[in-house]
Structure formats: C-alpha cells, structure tokens
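Topology and contacts: notes
Single-letter residue listing:
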Amino acid sequence: MTTHAGVAGAGAEAVLILEDGRSFRGRSYGAPGTALGEAVFATGMTGYQETITDPSYARQLVVQTAPHIGNTGVNRDDAESRRIWVAGYVVRDSARRPSNWRSEKSLDDELTEQGVVGIQGVDTRAITRHLRERGAMKAGIFSGPDAARSDAELLAEVKGQRSMEGFRLAEEVSATARYVVEPSDHGWDGEPRFTVAALDLGIKAMTPKHFAQRGVRTVVLPADSTYDDVVAVGADGVFMSNGPGDPSTADAQVSLLRHVLDARMPFFGICFGNQILGRALGFGTYKLRYGHRGINQPVLDRRTGKVEITSQNHGFAVDAPLEGPVTAPEERFGRVEVSHVCLNDDVVEGLACLDLPAFSVQYHPEAAAGPHDSAYLFDRFIDFMAEAARSGDGSGKLDASEVSKAPTPAQEEN
Ligand SMILES: NC(=O)CC[C@H](N)C(=O)O
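If you're wondering where the values come from, they're calculated on a predicted model, not measured in any experiment.

When helices and strands are tallied, the protein chain shows eleven helices and 21 strands. Taking 414 residues into account, the globule formula puts the C-alpha radius of gyration at 22 Å, and the protein chain, at 21 Å, falls close to it. By principal-axis analysis of the C-alpha atoms, the protein chain measures approximately 65 × 45 × 40 Å. By the burial criterion, 53% of the 414 residues in the protein chain qualify as buried. Across the protein chain, the fraction of contacts at a sequence separation of at least 24, relative to all contacts at a separation of at least 6, is 75%.

Printed below as a string of structure tokens:
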C-alpha cells in the first residue's frame, strides 16, 4: 500500500477497480493512496470496528454491504487486535459525525491515522451482488493522485497482485513472542482452573477474554511454535485461532496439531483452527466462491438439532462428508463427524472427533459484536480439559456425546 497523506482528503475522487474490469467511482475515505487485496463483502450491520481489527481480514478489501458505517465511532475497548488489518475499506455512506457515549474518535480519522485507504460513496449493495455473482476477486482502491492514472494501468496493477489462493499469511499477523492472559485480567476472582496454549494465527482479543472469564489462563504462542513449545507451557488443552490466508499452506500447524491429537490432548479450533483440524484428520480444504462474512449466518448443530445464528468470516472451507460419522482419512485419529453445517449452502461449519477430545467450528463463538448463541463451545472445551484432568493421564477419553449441555450465563441471559 502507498499513501499520499495530506495530498487529498475526503471528497477527493477515488475508484474501486475489480479484476474483471468492473469499476466503481466514489470519494476518498481514510488515507488517500492505493490499496490492493481481495475484494470481499461483509454483511454485518454492526461491529465494524471488530471487523476492521480482525486479523483474518489481512490482505482483503472489505466491502461493507450495510449502507451506513461509522455512526458509533471507534473506541479503545472494541478493537480485536493492536491495529486495523483490512487492506482497504469500502463503504457507501460514512457517518458525518459519530454519536455514541463510548466513541473516542471518528472511524474516518482512525483509518487515516493508520494509513488505511478507503472509498466512500459507492453502492456497496451493488458491489455485493456483483461479488456474489462473480466471486471474491482481486481488486484495488485508488484515490488522490493515484485515481487519476488510466483505468488500463490501474487494472494491470490489480491483476498483477497475487491471489488469496495459496497465500500463507498467519505468520504475518501473529504475535512474535508469547504472552499470557490471566483470568484476573478479566475479573475472575480466584485461582486459574486450567491453562490453554493458544496458537496465534490471527487471534482476536475476545478469545482469551472468553477463557479468562471462565477461569482459564491463556498462553498465546506465535504461529510458528512447535509441539515442544506447547508442552513447555504445561497446558491442559490446545487452541488454534482464526487467521488469514489459505489453510492449504498451514503445513507446520497441521503437523503440530497431529502431535497434539496423538498425545490425546484436548483441542478446540476456531475458523482457521477448524480448517487445520480438518487437514490434520486428512481432509482437504477448498476456496468458496465468495465466502461467508456477516453476523447472521444460520448454522445447524446436527447433534442437537438446534440452529445457532453465527458470526462468520471465512473464504475457505473443509471438504468433509456430511454423512457420518466416518473414519478419518488419517485413520489413527478414529471416527469424526461434521457436527455443524451452514443452512444456507451446506458448507461444513464444525468438526467433532468421536474418539479424541477434539472439536472445532468454522464460525466465531467469540464474536464480540454478537450474536452470542455459540459461546457454550468454550464451556465444552473446558469440560474436555476437566475430563482429561480427572482421568489423570492427559487424555480426554470422552465420547463427543458426553459433552456438556449446561447453558452458559450468556445463553441464560438471552
Ligand atoms: N476467520 C478465519 O479464520 C478465516 C480462515 C481462512 N483464512 C478463510 O478465509 O477461510
């Protein structure tokens, strides 16, 4: 990304150019300059601050389908990570001034300060429909002096970037040194109950917070950590986070997880973590045409028959058979079933091992902006760790049918 701070401000011309030649003219938003990435649409009507600070959006130009963005400003509490990760930002109508008691700054100012190039005044619902028809694709936002270059030149630049398929990105966004989130950091009064080793592939702040609120200490480890690093933590269970890029490139994490499964350590994965569990069990992954990004995706828990409304952000999916249980292609891991499925398109949304204390979901039970239907999954993981501790040999030996059905405080509130 290149920016021209101070050369052009809001009101200056900007253009969004898609790989297939479609272009949308609007006005500069945030920092002027050039942003290249994969154009994807996110349909959530709230939670834009959580969206832009989600590391899973690295190298993507996020199109906010909902037409009015920025009305509640930004604040220091809602950021999911240390910075904005979207490569570029596309909105229709940016709020002229934020209005919320928690607001500390306008979204426009925050984008500008962090050098994020955006475009406003474009019909984001039309762009969404286009991406639904044609699929997520390479794109560029050009504003300030860059917008004045010829369309042919800009299109060549858009096409010249690498595509998301085959892109390895988790290491780019991960913490480089381990850190610990204590239960007491989030109001837990008492000794920690368990310790989780969480591999940071693009982890969001809400995940350790969920663990902390349940009395679990999280040791966050860099993406390139080894099985020895995990063992050194003395963890009761292992977690793998969400993250950007193509899961087919995550060989190091797949091999780490196979060690964890061989050791029968409890495992929980979210999103990228679900794709890594799928691969560790021997399934493949593939790229979805336009992905799932929003906060109202209906998911069926196939074992209870309950439907959860979920927050999602994924462009890839696990290729596993819906009929099941089946023996994992990596046979030593025993039986596995697709535990959750997206009701819109039958995409795999969760995996459960039946002979190991391991499970994962493709969606986001930690999502801060909600919905919170799926927060019970953190309790399920804690049950696995409790069972492993009781059995005393570090192995869960739980059948998936024995998992907790106890409602969480969040569910009781609803
Ligand atoms: N949020 C995530 O973890 C996304 C995982 C992966 N990068 C995908 O797009 O499918």
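Once the structure has been displayed, the description carries forward.
Moving on: the UniProt feature "domain: Carbamoyl-phosphate synthase small subunit N-terminal" (unreviewed entry) in the protein chain. Per the UniProt record, "domain: Carbamoyl-phosphate synthase small subunit N-terminal" (unreviewed entry) is found at residues 12-142. Along residues 12-142 the backbone is 18% helical and 35% strand, and the end-to-end C-alpha distance reaches 11 Å.

A few words on helix α6 (residues 206-213). Within α6, the full set of buried residues consists of Thr 207, Pro 208, His 210, Phe 211 and Ala 212. Elements that come into contact with the buried residues of α6 comprise β11 (179-181), β12 (194-199), β13 (216-221) and α10 (376-391). Once α6 finishes, Gly 215 follows within two positions and takes phi at roughly 80°, a positive value.

As recorded in UniProt, the sites labelled "active site" (unreviewed entry) are Cys 271, His 364 and Glu 366. Taken together, the annotated residues stretch across 96 residues yet fold into one region, lying no more than 10.9 Å apart by C-alpha. Position of Cys 271 relative to the elements: it lies in the loop between β15 (267-270) and α9 (272-280). For Cys 271, a count of 28 C-beta atoms within 10 Å translates into the label buried. Looking at Glu 366, the number of C-beta atoms within 10 Å reads 25, which means it is buried. Apart from the residues within four sequence positions on either side, Glu 366 is in contact with Lys 204, Met 206, Thr 207, His 210 and Ile 270.

A separate point is the site of the ligand. Neighbouring residues of the ligand: Ser 56, Asn 242, Gly 243, Pro 244, Gly 245, Pro 247, Cys 271, Phe 272, Asn 313, His 314, Gly 315 and Phe 316. Among the residues making up the shell around the ligand, the classes are represented as five nonpolar, seven polar and no charged.

Here we come to the domain arrangement of the protein chain. Domains assigned within the protein chain are domain 1 (2-160) and domain 2 (170-413). The C-alpha-based centres of domain 1 and domain 2 are spaced at 30 Å. Contacts between the two partners involve 22 residues from domain 1 and, on the opposite side, 20 residues from domain 2. Of all the secondary structure elements, the ones that give two or more residues to the side of domain 1 that touches domain 2 are β4 (33-42) and α3 (124-134). Per-element tally for the side of domain 1 that touches domain 2: the top contributor is β4, with three residues. Taken together, the residues of the side of domain 1 that touches domain 2 sort by class into nine nonpolar, seven polar and six charged.

This part is about the nonpolar core. Counting 113 residues, the largest nonpolar core has Val 62 and Val 90 as the members making the most contacts within it. A total of seven residues in this core trace back to one element, the largest contributor, which is α10. Two domains share this core, each providing at least three of its residues, namely domain 1 (2-160) and domain 2 (170-413).

We now examine the confidence of the model for the protein chain. Per-residue pLDDT for the protein chain averages 92, and the proportion of residues at 70 or more is 92%. Note that residues 4-9 has pLDDT below 50 and, in this model, 13 contacts with residues that lie over four places away or in other chains. Long-range and interchain partners of residues 395-414, a stretch whose pLDDT sits below 50, account for 30 contacts in this model, where long-range means more than four residues apart. This complex was scored by the predictor with a pTM of 0.92 and an ipTM of 0.98.

All right, on to the pairing of β4 then. Counting buried positions over the ten residues of β4 gives ten, a clear majority of the element. Judged from the six bridges that link them, β4 and strand β10 (residues 137-143) form a sheet pairing that is antiparallel. Of the residues in β10, the one forming a bridge with Leu 36 is Gly 140. In this sheet, strand β5 (residues 60-64) lies alongside β4 in parallel orientation, the contact comprising five bridges. Bridge assignment links Val 40 to a residue of β5, and that residue is Val 62.

Bridge analysis of strand β16 (residues 284-301) against strand β17 (residues 306-319) gives twelve bridges, and the strand direction is antiparallel. Opposite Val 299, over in β17, you have Glu 308 as the bridge partner. Hairpin connection, β16 to β17: the antiparallel pair is bridged by four residues, and Gly 305 has positive phi, about 80°. Of the strand pairs in this sheet, β16 and strand β19 (residues 335-342) are connected by three bridges, and their pairing is antiparallel. Looking across to β19, one finds that Asp 301 is bridged to His 340.

Here the residue pair Gly 324 and Pro 325 is connected by a cis peptide bond, since its omega of 0° sits within 30 degrees of zero. Its place among the elements puts Pro 325 in the loop between β17 and β18 (326-327). For Asp 346, which is not glycine, the phi torsion reads 65° and is therefore positive. Among the secondary structure elements, Asp 346 is positioned in the loop between β19 and β20 (348-353). Among the residues examined, Asp 346 registers 11 C-beta atoms within 10 Å and is labelled exposed.

Turning our attention to the packing of helix α8 (residues 251-262) against α9. Orientation of α8 relative to α9, taken along the N-to-C sense of each, is 70°, at an axis distance of 9 Å. By the criterion of interaxial angle, the relationship of α8 to α9 is roughly perpendicular. Facing Gln 253, Val 254, Leu 257, Arg 258 and Leu 261 of α8, the residues of α9 in contact are Ile 276, Leu 277, Arg 279 and Ala 280. For the contact of α8 with α9, the residue count by class is six nonpolar, one polar and two charged.

Calculation criteria
Residues numbered from 1 in each chain as written. Predicted model: local features only at pLDDT ≥ 70, side-chain atom pairs only at ≥ 80, totals over all residues. Helix = DSSP H or I, 4+ residues; strand = E, 2+ residues; numbered from the N terminus. Rg over C-alpha atoms; globule rule 2.2 N^0.38 Å. Buried ≥ 20, exposed ≤ 12 C-beta atoms within 10 Å, placed from the backbone. Contact = placed C-beta atoms within 7 Å. UniProt positions renumbered as here; feature names shortened; annotations may be inferred. Near = placed C-beta within 6 Å. Nonpolar A, V, L, I, M, F, W, Y, C, P; charged D, E, K, R; others polar. Domains from an automatic or database assignment. Core = buried A, V, L, I, M, F, W, Y, C linked by C-beta atoms within 7 Å. pLDDT = per-residue confidence, 0-100. Pairing = 2+ DSSP bridges. Axes fitted to C-alpha atoms, helices over the stretch in contact; angles between N-to-C directions. Parallel < 35°, antiparallel > 145°, perpendicular 65-115°, else oblique.

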